[in-house]
Amino acid sequence: MQHNKIRVCWMYHNIMDLYGDKGNMMVLSKRCEKRGIECEIVPLEIGQEMDLTEFDLLFLGGGADREQVLLMEDLLKRKEQIAKAMEQGTFVVLICGGYQLFGQYYIAADGTKIEGLKFFDYYTEAGSNYQRCIGNIAISAQLDDFTTTIIGFENHGGQTRNVSKPFGKVLSGYGNNQSDHMEGFYNGQVLGTYMHGPLFPKNPEVADFVIYKCLKKQNPELKYTDLTRLDDSLEQQAREVMLKRMNITV
Ligand code: GLN
């Protein structure tokens, strides 16, 4: 492998971090370390100068309505750079509140309209009856070439609609909204999901898939199966407990 390093920008790490989103960064770095891949995680805060085109991964966690309002002005200023980074093949992972902000808009629970980055057609509105989607969730999703079951935890008032490319089909829980039974958004480069969980610790396959996508930016020939396999027996046991709890057999 020519390039054995990934650079990650952990966007708004100090305010967008709900239900263990931070665990995603910890697992990403640990799984790289175990394989001898250098993983540099650079935290980004509001107002900080940063060239977002220098990264292999942009990661943005979830946040409450208040935090989303707080950061939006800063995020909008970075729109061109994010677009450029995506053009250059940077992979993007967005959780919940972060996912919402890449769409057209988010109407928060108190009616405040937050304009999104408008990269995608989906939009989000807080449920009219203030009913939130809370609880464990499992979906069946396609990670490019393979289908897998992904487990997480969701807690959002926002109902996301008009999603052209949903990430997966809901097996248990809510997902994008209370009626579609579809979850998240994935277009091969941007993965938006309501699954905190945290996502990577509960789904080592997803963590590895993201590592692979980052490395692939530098090594276009790389395949997911080229990554050294790690012992995930403990993670598998944890997954089985959660699947059983949700009455899911895979
Ligand atoms: N504030 C948003 C909502 O309630 C996002 C919440 C989150 O990131 N968990 O829909």
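The present account deals with the structure reproduced in this document. Computed from a prediction, not measured in an experiment: that's the story for all the values here. Numbering of residues starts from 1 in every chain and runs along the sequence as written. With the structure being a predicted model, the display of local features is reserved for residues of pLDDT at least 70 and the display and counting of side-chain atom pairs for 80 or more, all residues being used for whole-chain, interface and lining totals. The side-chain figures draw on all heavy atoms in the structure; neither hydrogens nor water molecules are used.

Here's the deal with the pattern of salt bridges
Point 1. Salt bridges are counted wherever a side-chain nitrogen of Lys or Arg sits within 4 Å of a carboxyl oxygen of Asp or Glu. Scanning the entire structure with this criterion turns up 15 salt bridges.
Point 2. In this structure, the salt-bridge partner of Glu54 is Arg7, at a minimum N-O distance of 3.4 Å. Residue Glu54 is located in the loop between strand S2 (38-44) and strand S3 (57-60), and its partner Arg7 is located in strand S1 (residues 5-11); the two are separated by 47 residues in the primary sequence.
Point 3. Per-residue accessibility, obtained with a 1.4 Å probe over protein chains only, is compared with the maximum for each type, and a residue is labelled buried under 20%, exposed over 50%, and partly exposed between these values. Given a relative accessible area of 45%, Glu54 falls into the partly exposed group.
Point 4. Residue Lys30 is joined to Glu33 by a salt bridge in which the shortest nitrogen-to-oxygen separation is 3.3 Å. Here Lys30 and its partner Glu33 are both found in helix H1 (residues 22-33), 3 residues apart, which amounts to about one turn of the helix.
Point 5. Among the residues examined, Lys30 registers a relative accessible area of 42% and is labelled partly exposed.
Point 6. Each of the salt bridges in this network shares a partner with another, and the network as a whole consists of Lys5, Arg7, Glu38, Glu40 and Glu54. In DSSP terms, a helix is any run of H or I states spanning at least four residues, a strand is any run of E spanning at least two, and both are numbered starting from the N terminus.

Structural notes on unusual backbone geometry
Point 1. Omega for the bond connecting Gly197 with Pro198 falls within 30 degrees of zero, at -15 degrees, which places this linkage in the cis form.
Point 2. On the secondary structure map, Pro198 appears in the loop between strand S14 (190-193) and helix H5 (199-202).
Point 3. At Tyr19, a position not held by glycine, the phi torsion is positive, near 45 degrees.
Point 4. In this structure, Tyr19 sits in the loop between S1 and H1.

Details of H1
Point 1. How far a helix is expected to stretch is found by multiplying one less than its residue total by 1.5 Å. With 12 residues, H1 extends 17 Å between its outermost C-alpha atoms, agreeing within 8% with the 16 Å of an ideal straight helix rising 1.5 Å per residue.
Point 2. Listing the buried residues of H1 in full gives Gly23, Asn24, Met25, Val27, Leu28, Arg31 and Cys32.

Points about the sheet that holds strand S5 (residues 105-107)
Point 1. Whether two strands pair depends on DSSP finding at least two bridges between them. Read across the sheet, 4 strands follow the order S6-S5-S7-S10 without closing on themselves; strand pairing throughout is mixed. Among the strands making up the open sheet, the edge pair consists of strand S6 (113-115) and strand S10 (158-161). The sheet shows a mean angle of 15 degrees between the axes of neighbouring strands, direction not considered.
Point 2. In the sheet, S5 pairs with strand S7 (residues 123-126) via 2 bridges, with the strands oriented parallel. Each residue of the ladder has a partner; that of Ile107, found in S7, is Glu125.
Point 3. Here, residues are in contact when the closest pair of their heavy atoms is within 4.5 Å. Simply put, an axis is a line fit to the C-alpha atoms, just over the touching stretch for a helix, and the angle between two N-to-C directions goes from 0 to 180 degrees. Its contacts with the sheet put helix H2 (residues 65-77) on S5 and S6, and the angle it makes with S6 is roughly 30 degrees.

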